[in-house]
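What follows is each chain in one-letter form.
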Amino acid sequence: MDRTYKLIGLAKKAGRLVSGEKNCKDAIASGSAHLVILSGDAAKNTHKSITNSCKFYNVKYVFFGDTESLGHSIGNTHNAVVAICDEGLAGLIEKSLPKI
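These figures come from a predicted structure and were not determined experimentally.

Caption draft 1: Just the sheet that holds strand E3 (residues 60-63), in detail. Spatially, E1-E4-E2-E3 is the arrangement adopted by the four strands of the open sheet, whose pairing is mixed. For this open sheet the edge positions go to strand E1 (17-19) and E3, each flanked by a neighbour on one side alone. With direction set aside, neighbouring strand axes in the sheet form an average angle of 20°. As paired elements, strand E2 (residues 35-38) and E3 share four bridges and run parallel to each other. Looking at the pairing, Leu35 lines up with Lys60 of E3. Each of E1, E2 and strand E4 (81-84) is contacted by helix H2 (residues 21-30), which is oriented at about 135° to E1, the strand it contacts most.

So, in structure tokens, the structure goes:
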């Protein structure tokens, strides 16, 4: 898990990450998002809105961590959703996710 948070932080530093529901939906619709990460404790409306957008635009999404941990990984206090806008980083993050 720690490696995943570090990779998310790296994507932020590289300028290849957007955060927040509206920004992520814009990235999904524009085709720039390659992977969307939703925290497990995000609001139900956020889950529904983001997952519906991802399904409509055929963008991969995963549920990972909680809003506090996800936020801290990118320098915020809380964050429910982020979108990775780099194909290579998205693949690395996907591979680093814990297997269920």
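There is more to say, and it comes next.
Caption draft 2: A look at the nonpolar core. Core analysis: the biggest nonpolar cluster contains 17 residues, and Ile8, Leu17, Leu35, Ile37, Ile84 and Ile93 have the highest contact counts within it. Only helix H1 (2-13), E2, E4 and helix H5 (87-96) provide two or more residues apiece to this core. With four residues, the single largest contributor to this core is H1. If we skip the residues at most four places from it in the chain, Ile8 touches Leu17, Ile37, Phe64, Leu70, Ser73, Ile74 and Ile93. Judged by nonpolar contacts, the second largest core, of twelve residues, contains Cys24, Ala27, Cys54 and Cys85.

Caption draft 3: Expanded view of the pattern of salt bridges. Evaluation of the coordinates by the stated rule reveals four salt bridges. With its nearest N and O atoms 3.9 Å apart, the salt bridge here joins Asp86 to Arg16. Of this pair, Asp86 sits in the loop between E4 and H5 while Arg16 is found in the loop between H1 and E1, placing the two residues 70 residues apart along the sequence. Accessibility expressed as a relative area gives 26% for Asp86, which makes it partly exposed. Exposure remark for Arg16: the relative accessible area of 34% places this residue in the partly exposed category. One salt bridge in this structure joins Lys60 and Glu94, with 3.4 Å as the shortest N-O distance. Residue Lys60 is located in strand E3, and its partner Glu94 is located in helix H5; the two are separated by 34 residues in the primary sequence.

Caption draft 4: Inspection of the side chain of Ser39 at higher detail. Topologically, Ser39 is positioned in the loop between E2 and helix H3 (44-57). Separated by 3.2 Å, the side chains of Ser39 and Asp41 make a polar contact. Ignoring anything within four residues of it in the chain, the contact list for Ser39 reads His47, Phe64, Gly65, Asp66, Thr67, Leu70, Asn79 and Ala80.

Criteria and thresholds
Residues numbered from 1 in each chain as written. Predicted model: local features only at pLDDT ≥ 70, side-chain atom pairs only at ≥ 80, totals over all residues. Heavy atoms only, no water. Pairing = 2+ DSSP bridges. Helix = DSSP H or I, 4+ residues; strand = E, 2+ residues; numbered from the N terminus. Axes fitted to C-alpha atoms, helices over the stretch in contact; angles between N-to-C directions. Contact = heavy atoms within 4.5 Å. Core = buried A, V, L, I, M, F, W, Y, C linked by side-chain atoms within 4.5 Å. Buried < 20%, exposed > 50% of the residue type's maximum accessible area, 1.4 Å probe, protein only. Salt bridge = Lys/Arg side-chain N within 4 Å of Asp/Glu carboxyl O. Polar contact = N/O pair within 3.5 Å; in protein donor to acceptor, adjacent residues only side chain to side chain.

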